[in-house]
Amino acid sequence: MNRRIPIYEGKAKQLFEGPEPGTLIQHFKDDATAFNNAKKGVINGKGVINNRISEYLMLKLNEIGIPTHFIRTLNMREQLVKTVEIVPLEVIVRNVAAGSFSTRFGVEEGAQLPYPIIEFCLKSDKLGDPIVAPEIVIAFQWAQPNELEDITSMALRINDFLSGLFLGVGIKLIDFKIEFGRHYEGNTVQIILADEISPDCCRLWDLKTGEKMDKDRFRRDLGKVEEAYREVARRLGVLPGESDTPVKTKSQIQKKPAILSKAKKSVIKKKRK
Ligand code: UDP
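Here's a quick rundown of the structure. Since we're looking at a predicted model, the values are computed, not measured.

A separate point is the sheet that holds strand S1 (residues 6–9). Strand order across the open sheet formed by five strands is S1-S2-S3-S7-S6, with antiparallel pairing between neighbours. For this open sheet the edge positions go to S1 and strand S6 (70–75), each flanked by a neighbour on one side alone. Strand-to-strand, the axes of this sheet are offset by a mean angle of 25 degrees, without reference to chain direction. Of the strand pairs in this sheet, S1 and strand S2 (residues 13–17) are connected by three bridges, and their pairing is antiparallel. Bridge pairing in S2 places Tyr8 opposite Leu15. With respect to the sheet, helix H1 (residues 46–63) is in contact with strand S3 (23–28), S6 and strand S7 (78–82), its orientation differing from that of S6 by roughly 150 degrees.

In structure tokens form, the structure reads like this:
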């Protein structure tokens, strides 16, 4: 059996050395933590689902020109990713007030924000991921000014794209956290999207009922945690073990063209013969 070299173990993921230079294997665990590790638990099957959801969203983002670390899925819980130097920031994008934002500013959870708001937090468990102003990020060289510009514009594009994508499957994207890394290739360095995008780091509310479909179910002991993660995957059409075809809305089903293309007709004719 191949012994793999562990590189890093986080709360929900583990990184191993990849098969080729410049690659890593990202392994998704079922472990869940909240409140800076104060609450710990297991969400059965979460790793498998987050692997699929993150793969799907990273590929979609890549299609609109967002560079990401994702290379390919290796198995149910693992994906091959590009090695990056992580920018030590948690980039939070908010469309609707919730969580710590609501608490800090006394804004009711669920209040629509007038425009998307970006917050940077320093990645430091020891300090409890404090919010940092861009000025401080630059002063301490956690990111260069041009890198912060790239991160901000990519974060807003990602937000626009994901908001629309989730809306299409009946889910409202309330807020999310993403991370970026520096990818070195030859003499060039590029900021690319890293880490993961999954219900672990997004707030996703059912469009009709407002029901929470994300890690808040675990954080707040709301129950049906596994079910919520599975439902997000199902709506995106990536539930493991099911077809990759996204769930069709009523209008999509009705719009299905009744007329077959010439090519399809000729195939049918040939088969009949
Ligand atoms: N988030 C995350 N990891 C963190 C902190 C926040 O993925 O360490 C996500 C969280 O799931 C939510 C968004 O970032 O979608 C905003 O979180 P918030 O600042 O409201 O913190 P929380 O209420 O989770 O403490």
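Once you've had a look at it, read on.
Moving on to the pairing of S6. Of the pairings in the sheet, the one linking S6 to S7 comprises four bridges and is antiparallel in character. When the sheet's bridge partners are listed, Thr73 is paired in S7 with Gln79. Hairpin connection between S6 and S7: a loop of two residues separates the two successive antiparallel strands.

Scoring rules and cut-offs
Residues numbered from 1 in each chain as written. Predicted model: local features only at pLDDT ≥ 70, side-chain atom pairs only at ≥ 80, totals over all residues. Heavy atoms only, no water. Pairing = 2+ DSSP bridges. Helix = DSSP H or I, 4+ residues; strand = E, 2+ residues; numbered from the N terminus. Axes fitted to C-alpha atoms, helices over the stretch in contact; angles between N-to-C directions. Contact = heavy atoms within 4.5 Å.

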